[in-house]
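Here is how the chains run, residue by residue.
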Amino acid sequence: MANTLVQKRQNILEVTGKRRLNDRHFIIQLTSEEPLPMMLPGNFVQVLVEGSPTTFLRRPLSIHEVNYAQNSFRILIQIKGDGTRQLSRLKNGDKLNVIYPLGNCFSLPQGKEVLLVGGGCGVAPLLFLAQFLRQNSIRPVILTGWRTQSDIFELEEYKKSGEVLMTTEDGSAGEKGLVTDHSLFRSGKLPFSRIYCCGPDPMMKAVAGLAASHGIDCEVSLENTMACGIGVCLCCVTPTVSGNERVCVEGPVFNTKHLTWGNPDKEACQNKCHG
Amino acid sequence: MADLNVTLGPLELKNPVLTASGTFGCGEEFTDFMDVNRLGGIVVKAVTGKNRDGNPYPRMAETPMGMLNAVGLQNKGVDYFIREIYPRIKDFDTQIIVNVSGSTLDEYVEVAGKLNDLDKIPAIEVNISCPNVKQGGMAFGTIPATATEVTRAVRDVYKKTLIVKLSPNVTSITDMAKAAADGGADIISLINTLLGMAINAETRRPVLSTITGGLSGPAIKPVALRMVWQVSKAVKIPVIGLGGIRTATDAIEFMLAGASAVQVGTANFIDPAVTLKIIDGLEAYLQRHQINSVKELIGSLKVNGE
């Protein structure tokens, strides 16, 4: 579902809140002077990073939560390099140049039983999605995967919109292992009509594989590296059944049936096509 | 009001600021952010004979003050451009120039011939300099005799303004410029990207799927400026300068070095309205220096105590 009717904009927004979640993650709240455009779960923003000598391009970041009444929204950021470290130093009152809203969005499911799967920073768009589903009378099951107990954040927020399950790699909280090791996936037939997933590529591929084996529709949100974010540089493409598509425009949300993941015939075709 | 109008051979521009191929789509992607009709021109992303899927991901590596790309000319082919894209963009009130690329001489000729019939396209820019395609592309742009040959072949079928875009990945940029001029080019544009490479030390792998790619952005500006200066002295035809321009001052430096117009590329990715800021800044500069026409800047670099 494309969000093409909404005009994209480049605005200066004010930092009106900041919260550290753990040693690598934080949330910033940005407030606009004018009313926000309509934003949908899966949409992202492109943030200009100032003051970092090695950061040349904007940083694409998922919309984590929107508050239209206050003209504000939140983004969840993982500190990965100098650019995101610079963003972690922002203070209330600082200004950020943001291009938004970008990309497509998750689609509403056919049925009411849905599963959200997120790992680490990949939970970023899932809070917004869970809240959106709740507004549409759907109470999702939300499976979150973490490295260890001290990494866990915001579970209370997710619990407001659905039933929360979790795994940790070291077993310090929830079930031990990766999200795909959760007992949910060993309980025979999965009672879901749709799975939504965001996280590291190997996790999304594994979840997509489980979804396919249960005959469940699956949407993933990809995080390919981007330059422009508005569909002109063609750097962020992902192979699909209809050729290379832009993660920033045709995505970031894709139905996994449209991707070439795990389909050797389609992948072989892809590799032949490059010139 | 200072006069921003420039004339490059047969091509008239309302101001010297164009967008560089591959960084501005076909213009319509930017209408949410700016009035594209204020531009001197738009150079539409490279069009080839047939659909090209481009190179596999990853295609981009961020570098200090720049980026490497290995897109590989992904586009849906000239017939798709004429049928689907041209009708949507032809009435923009700016000069629409189409970048033309290919793997063979015949492909350049085929694409140029088809574009010759489009009323609202006053010029093409022949890309003999793409580093990201296995055949053709840069191969045509690194051997002078081949550059002359491809320019002449396109010249035979293309009757409007013919721009030839040069690769910086050569021993003598002036030899390449002369070769393109000999082939019948009306205008030279330079530079395309510089061949580069990025490595991920943690994984011990190249960042790009193609291992090497094209470097753009402010990092390449000094190289571009030097080449524009050399070429503008070596050929009689007008020169369009590009490479790392992101401010009006950058654009002015290229014009002082000899460019009659400039293209803005990678900077569009960071600020989609940057070109309008450059046009406004150019006008402010002319007023501040009490210069009536931007034409007076072209090649007016003062050297050796002049």
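Bear in mind the structure is a predicted one, so any value in this text is a computation, not a measurement.

Novice: Would you take a moment to explain the sheet that holds strand β5 (residues 60–63) of chain B for this structure?
Specialist: Consider a sheet: its strands pair through backbone hydrogen bonds, and that pairing is either parallel or antiparallel. Residue and element names in this part refer to chain B. Overall, antiparallel pairing links the four strands, which are arranged β5-β6-β14-β11 in an open sheet. Strands at the two margins of the open sheet, each flanked by one partner only, are β5 and β11 (194–197). Strand-to-strand twist across the sheet, computed as the mean angle between neighbouring axes with direction ignored, equals 35 degrees. Bridge count for strand β6 (residues 66–69) against strand β14 (residues 212–216) is three bridges, and the pairing is antiparallel. When the bridges of β14 are listed, Asn 69 appears paired with Gly 214.

Novice: Would you explain the interface of chain B and chain A in this entry?
Specialist: Size of an interface, as often reported, equals the accessible area lost when the parts are brought together. Facing 31 residues of chain B, the contacting portion of chain A comprises 30 residues. Those elements that place two or more of their residues in the side of chain B that touches chain A are β5, β6 and α7 (267–270) of chain B. When residues in the side of chain B that touches chain A are grouped by element, the largest group, three residues, is from β6(B). Taken together, the residues of the side of chain B that touches chain A break down into 15 nonpolar, nine polar and seven charged.

Novice: I keep staring at the confidence of the model for chain A and nothing clicks. Help me out?
Specialist: For any part of a model where pLDDT is low, the fine detail of the predicted coordinates should not be relied upon. The share of residues in chain A with pLDDT of 70 or more is 93%, and the mean pLDDT across the chain is 92. Note on residues 264–275 of chain A: pLDDT is under 50 here. Beyond four places in sequence and across chains, it has 17 contacts.

Novice: Help me out: how do you make sense of the pairing of strand β11 (residues 194–198) of chain A in this one?
Specialist: Regular strands have side chains that alternate between both faces of the sheet. Residues and elements named next belong to chain A. Most of β11 is tucked away, with five of its five residues classed as buried. The two faces of β11 match: Arg 194, Tyr 196 and Cys 198 on one face and Ile 195 and Cys 197 on the other face are all buried. Across five bridges, strand β7 (residues 114–119) lies against β11 in parallel orientation. When the bridges of β11 are listed, Leu 115 appears paired with Ile 195.

Novice: What is the right way to read the confidence of the model for chain B from this model?
Specialist: The predicted model of chain B averages 95 in pLDDT, with 96% of residues at 70 or higher. This prediction of the complex comes with two scores: 0.94 for pTM and 0.94 for ipTM.

Novice: Before we go on, may I ask you to explain the environment of B:Ser300 in this structure?
Specialist: All names here are of chain B. Mapped onto the secondary structure, Ser 300 falls in the segment after α8 (274–288). We classify Ser 300 as partly exposed; it has 13 C-beta atoms within 10 Å. Residues Ser 300 and Phe 140, spaced 160 residues apart in sequence, show a C-alpha to C-alpha distance of 32 Å.

Novice: Before we go on, may I ask you to explain the packing of helix α2 (residues 105–115) of chain B against helix α3 (residues 144–157) of chain B in this structure?
Specialist: The description of two packed helices rests on the angle between their axes and on the distance between the axes. All names here are of chain B. It is at 9 Å that the axes of α2 and α3 come closest, and there the two elements cross at 30 degrees. It follows from the interaxial angle that α2 and α3 lie roughly parallel. As for how α2 packs across α3, the hand of that crossing is right-handed. Across from Leu 105, Tyr 108, Val 109, Ala 112 and Gly 113 in α2, the residues of α3 making contact are Val 150, Ala 153, Val 154 and Val 157.

Novice: What exactly am I supposed to notice about α8(B) here?
Specialist: Turn by turn, an α-helix covers 3.6 residues, leaving residues three or four places apart pointing in a common direction. Residues and elements named next belong to chain B. Under the 1.5 Å per step criterion, the end-to-end length of α8 is 21 Å for 15 residues, consistent within 8% with the ideal 21 Å. Turning to α8, its buried residues are Val 274, Thr 275, Ile 278, Ile 279, Leu 282 and Leu 286. Down the axis of α8, the buried set is contained in an arc of 145 degrees. They therefore lie on one face. Of the exposed residues in α8, those oriented more than 90 degrees away from the buried face are Asp 280, Ala 284, Gln 287 and Arg 288. The inward-facing, buried residues of α8 contact β3 (17–19), α6 (248–256), β16 (261–264) and α7. Taken from the residues just after α8, Gln 290 is the one with a positive phi, measuring 50 degrees.

Novice: Can you walk me through helix α2 (residues 124–135) of chain A in this structure?
Specialist: Within the span of α2(A), buried status applies to A:Ala124, A:Pro125, A:Leu126, A:Leu127, A:Phe128, A:Leu129, A:Ala130 and A:Leu133. A:Ser137 occupies a position one or two residues after α2(A) and carries a positive phi of about 60 degrees.

Novice: In this structure, what is going on with the domain arrangement of chain A? I would like to understand it.
Specialist: Residue and element names in this part refer to chain A. According to the domain assignment, chain A consists of domain 1 (9–102) and domain 2 (114–268). Computed from C-alpha atoms alone, the centre-to-centre distance between domain 1 and domain 2 is 22 Å. Element by element, the count of residues in the side of domain 1 that touches domain 2 is highest for strand β4 (residues 59–67), at six residues.

Novice: I would appreciate a short explanation of the pairing of strand β15 (residues 239–242) of chain B in the present structure.
Specialist: All names here are of chain B. Here β15 shows no split at all, with Val 239 and Gly 241 on one side and Ile 240 and Leu 242 on the other all buried. Direction of pairing for strand β10 (residues 187–190) relative to β15: parallel, over a ladder of three bridges. What sits directly across from Ser 189, in β15, is Ile 240. In terms of strand pairing, β15 meets β16 through three bridges, oriented parallel. Counterpart to Gly 241 in the pairing with β16 is Val 262. For the segment spanning β15, α6 and β16, crossover handedness is right-handed.

Novice: How do you make sense of the sheet that holds strand β1 (residues 9–20) of chain A when you look at a structure like this?
Specialist: Residue and element names in this part refer to chain A. With antiparallel pairing, six strands are arranged side by side around a closed barrel as β1-β2-β5-β4-β3-β6. Neighbour-to-neighbour, the strand axes of this sheet turn through a mean angle of 45 degrees, independent of strand direction. On the sheet, α2 packs against β4 and β5 (72–78) and is oriented at approximately 30 degrees with respect to β4.

Novice: Could you clarify how one ought to interpret the nonpolar core in this entry?
Specialist: Looking at soluble globular proteins, one finds that nonpolar side chains tend to be buried together. Grouped together as the largest cluster of nonpolar side chains are 180 residues, with contacts concentrated most on A:Val207, B:Ile124, B:Ile188, B:Val228 and B:Val262. By residue number, the principal contributor to this core is α2(A), which donates seven residues. Both domains that furnish three or more residues to this core are identified here as domain 1 (9–102) and domain 2 (114–268) of chain A. Setting aside anything within four residues of it in sequence, one finds A:Val207 in contact with A:Val117, A:Val179, A:Thr180, A:Ile195, A:Cys197 and A:Cys218.

Rules used throughout
Residues numbered from 1 in each chain as written. Chains lettered and ligands numbered in written order. Predicted model: local features only at pLDDT ≥ 70, side-chain atom pairs only at ≥ 80, totals over all residues. Pairing = 2+ DSSP bridges. Helix = DSSP H or I, 4+ residues; strand = E, 2+ residues; numbered from the N terminus. Axes fitted to C-alpha atoms, helices over the stretch in contact; angles between N-to-C directions. Contact = placed C-beta atoms within 7 Å. Nonpolar A, V, L, I, M, F, W, Y, C, P; charged D, E, K, R; others polar. pLDDT = per-residue confidence, 0-100. Buried ≥ 20, exposed ≤ 12 C-beta atoms within 10 Å, placed from the backbone. Parallel < 35°, antiparallel > 145°, perpendicular 65-115°, else oblique. Left-handed = near helix turned anticlockwise from the far one by under 90°. Expected span 1.5 Å × (residues − 1). Arc of directions from axis to C-beta. Domains from an automatic or database assignment. Right-handed = clockwise from strand over helix to strand, strands pointing away. Core = buried A, V, L, I, M, F, W, Y, C linked by C-beta atoms within 7 Å.

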